[in-house]
Amino acid sequence: MRSLAAYGVTFGPAFRSPAVLRLLAALFVAVFLAGCSSLSEKADETAGWSAGRLYAEAKEAQTDGNWVGAAKYLEKLEARFPYGRYAQQAQLELSYVYWKSGEAGSALAAADRFIKLHPNHPAVDYVYYLKGLINFNEDLGLVGYISNQDLSERDPKAARESFEAFRELTTRFPDSKYAPDAIKRMDYLVNALAQQDVNVAHYYMRRGAYVAAANRAQYAIKTYPRAPAIEEAMFILVKAYDELGLTDLRDDAERVLRQNFPDSRFFEIGLERKSAWWKLW
C-alpha cells in the first residue's frame, strides 16, 4: 500500500504521532472507499429509475425468458421502493422468477416470506399452489423410478412439503381455481409416497431385515390407508411375519388382506407356485 506522502499528503511535527497517523490513514481509506462506492452506483444503469420502470423492465425480461435479469430488476424494485403496490407485486412474482431461473431454495423462501407478510392477499392461494409445484417438481425420486439410485436412499421431504402446501391451499381456499389441480397432485403424491414406502419395505426384505420391513409396511398402511400400494404393503407384512416366525400376526395380516383384497394377485401367484401364497422370495 502506498504511503500518504506519495499522494502529496504531509504533516507537521504535531501530526506525526503514531496514533494520529493511524487515525488520518483510516479517514483517508474511508473517503477513498466512499468514492469507489459512488462510482459503482453511477455505473448502475438502473440508478434513478422509477418503480414503474423497474417493474416494466422485469416484465419484459420475463417475456424474453431472461429469468435472472427479471429477478435482479424485481430485487432492485423491492429494495428501493419497499412500500406500495409495485413492491408487493415484486414480492409476489419473485418466487416464480427464482423458480424459473433454477433457484428452488430462493423461490420457496420468497413464497414463505410473501405468505408471512401478506396472509390475506387475494393471490395468496396462488403462492401456496406455487410452493406445492416447486416441491412437486423438485422430488425426482417420485417421478423417476427408473433412476439407478437406491429406493431406500431417496428423501421424500420435498414430496411431503408439496403435499402440505397443496393441502393448505385446498383447505383454506376450496374455491380457488388452483384447487382442482392441487387435489389431483395430492392424490398422486399420496400414491407415490405409499409406493415409495412399499419399495423401501421390499429393500429391507431382500436384505433379511424383516423387522424393518414389517415396520415400514405398517407405516404405509396406517399413513396411506386408501392408496393402491396398500395391497402390496399387506402382502409384505404377511411375508415379514412369516419369516420372523410370528404365525399369529401373520395369520391376522393375511385375514385382513383377504378381507380387503379378496381378488388380490398375490393369492394367484401363490397358487401358481403350489406353495403358501406368501412364499414369493
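Further up the page is the structure itself.
All residue numbers refer to position in the chain's written sequence, counted from 1. At least 70 in pLDDT is required for a residue's local features to be given in this predicted model, at least 80 for side-chain atom pairs to be given and counted, and no such filter applies to totals for whole chains, interfaces and linings, which use all residues. The side-chain values count all of the structure's non-hydrogen atoms but skip hydrogen atoms and water molecules.

(A) Geometry of the overall build of the protein. In this description a helix means any DSSP run of H or I spanning at least four residues, a strand means any run of E spanning at least two, and both kinds are numbered starting from the N terminus. Within the protein, the secondary structure is distributed over 13 helices and zero strands. What you see in the protein, going N to C, is helices and strands ordered as α-α-α-α-α-α-α-α-α-α-α-α-α. Per-residue burial over the protein gives 40% buried out of 281 residues. In this description, contact between two residues means that some pair of their heavy atoms is separated by no more than 4.5 Å. Contacts spanning at least 24 positions in sequence make up 56% of the contacts within the protein whose residues lie at least 6 apart. Summing over all exposed atoms, the protein offers an accessible surface of approximately 16400 Å²; the carbon and sulfur share of this is 55%. Buried means the residue's accessible area, taken with a 1.4 Å probe over protein chains only, is under 20% of the maximum for its type, while exposed means over 50%, and partly exposed covers the values in between. Note on areas: these come from Shrake-Rupley sampling with a 1.4 Å probe, and a residue is covered only by the protein chains present in the view.

(B) Inspection of the pattern of salt bridges at higher detail. A side-chain nitrogen of Lys or Arg and a carboxyl oxygen of Asp or Glu constitute a salt bridge if their distance falls within 4 Å. Per the counting criterion, the structure on display carries 13 salt bridges. With a shortest N-O distance of 2.7 Å, Lys 157 and Glu 161 are connected by a salt bridge. One end of the pair, Lys 157, and the other, Glu 161, are both in helix α8 (residues 157–172), four residues apart, so they sit about a helical turn from each other. By relative accessible area, which is 48% here, Lys 157 ends up partly exposed. The salt bridge involving Arg 167 is made with Glu 168; its shortest N-O contact spans 4.0 Å. Residue classification places Arg 167 among the partly exposed residues on the basis of a relative accessible area of 33%. Residue class for Glu 168 comes out partly exposed when judged on its relative accessible area of 25%. When salt bridges with common partners are traced through the structure, they connect Glu 164, Arg 167 and Glu 168 into a single cluster.

(C) Inspection of the side chain of Ser 162 at higher detail. Along the chain, Ser 162 turns up in helix α8. For Ser 162, a relative accessible area of 0% puts it in the buried group.

(D) Seen up close, the nonpolar core. Of all hydrophobic cores here, the largest spans 45 residues; its most connected members are Tyr 129, Phe 166, Ile 230, Ile 236 and Leu 237. Looking at this core, the elements that each hand over two or more residues are α5 (104–117), α6 (124–138), α8, α9 (179–206), α10 (210–223), α11 (230–244), α12 (247–260) and α13 (265–272). Among the elements that make up this core, the one with the highest residue count is α11 (nine residues). Each residue touching Leu 237, except ones within four places of it in the same chain, is listed here: Ala 214, Ala 217, Gln 218, Ile 221 and Ala 253. In these notes, a set of buried Ala, Val, Leu, Ile, Met, Phe, Trp, Tyr and Cys residues joined through side-chain atoms within 4.5 Å is what counts as a nonpolar core. If you look at the next biggest cluster of nonpolar residues, it comprises 22 residues, including Tyr 55, Val 97, Ala 104 and Ala 107.

(E) Up close: the packing of α11 against α12. It is the contact of α11 with α12, at a shortest axis distance of 8 Å, that shows an interaxial angle of 160 degrees. Relative to α12, α11 is oriented roughly antiparallel. When you trace α11 past α12, the crossing you get is left-handed. Of the residues in α12, those touching α11 at Glu 231, Met 234, Phe 235, Leu 237, Val 238, Tyr 241 and Asp 242 are Leu 249, Arg 250, Ala 253, Glu 254, Val 256 and Leu 257. Counted by class, the contact of α11 with α12 contains nine nonpolar, no polar and four charged residues. Note on geometry: axes are C-alpha line fits, over the in-contact stretch for helices, and angles between N-to-C directions span 0 to 180 degrees. These descriptions rest on fixed angle ranges, namely under 35 degrees for roughly parallel, over 145 for roughly antiparallel, 65 to 115 for roughly perpendicular, and the rest for oblique. Working rule for handedness: look at the near helix, and if it is turned counterclockwise from the far one by less than a right angle, call the crossing left-handed; if clockwise, right-handed. Three classes are used: nonpolar for Ala, Val, Leu, Ile, Met, Phe, Trp, Tyr, Cys and Pro, charged for Asp, Glu, Lys and Arg, and polar for all others, with Gly counted as polar.

(F) Inspection of a nonpolar patch on the surface at higher detail. Patches were defined on residues exceeding 30% relative accessible area and lacking a salt bridge, with like-charge contacts within 9 Å and nonpolar side-chain contacts (Val, Leu, Ile, Met, Phe, Trp, Tyr) within 5 Å. A cluster of nonpolar side chains, Val 211, Leu 244, Leu 246 and Leu 249, forms an exposed patch at the surface whose accessible area comes to about 310 Å². Mapped onto the elements of the fold, Val 211 is located in helix α10.

(G) Local environment of the side chain of Glu 78. Mapping Glu 78 onto the fold places it in helix α3 (residues 67–80). Here Glu 78 is in contact with Gln 91, Leu 94 and Arg 113, once residues within four sequence places are set aside.

(H) Seen up close, α6. Given a rise of 1.5 Å per residue, 15 residues ought to cover 21 Å, and the 21 Å separating the end C-alpha atoms of α6 matches this to within 8%. Taking burial as the measure, the 15 residues of α6 include twelve buried ones, the bulk of the element. For α6, the set of buried residues is Val 124, Asp 125, Val 127, Tyr 128, Tyr 129, Leu 130, Lys 131, Gly 132, Leu 133, Ile 134, Asn 135 and Phe 136. In this structure, the buried side of α6 is in contact with α4 (85–100), α5, α8 and α9. How far a helix is expected to stretch is found by multiplying one less than its residue total by 1.5 Å.

(I) Inspection of the packing of aromatic side chains at higher detail. Note on ring pairs: Phe, Tyr and Trp rings are taken, using the six-membered ring of Trp, and paired if centres are within 6.5 Å. Classes follow the plane angle, with under 30 degrees stacked, over 60 edge-to-face and the rest tilted. For the structure shown, the criterion picks out eleven aromatic pairs. Arranged with centres 5.7 Å apart and planes meeting at 85 degrees, the rings of Trp 67 and Tyr 96 form a pair that is edge-to-face. Within this pair, whereas Trp 67 is found in helix α3, its partner Tyr 96 is found in helix α4, the two being separated by 29 residues in sequence. Classification of Trp 67 by relative accessible area gives buried; the value is 18%. Its relative accessible area of 27% is what places Tyr 96 among the partly exposed residues. In textbook terms, an aromatic cluster arises when at least three aromatic residues are bridged by ring pairs, as seen for Tyr 126, Tyr 129, Phe 166 and Tyr 178. Only Lys NZ and Arg CZ are tested; either one counts as a charge over a ring when it is within 6 Å of the ring centre and within 35 degrees of the ring normal. Here the guanidinium or amino end of Arg 185 rests over the ring plane of Phe 136, the centre of that ring lying 4.9 Å away.

So, to be careful, I would describe these as geometric facts and stop short of saying anything about function.
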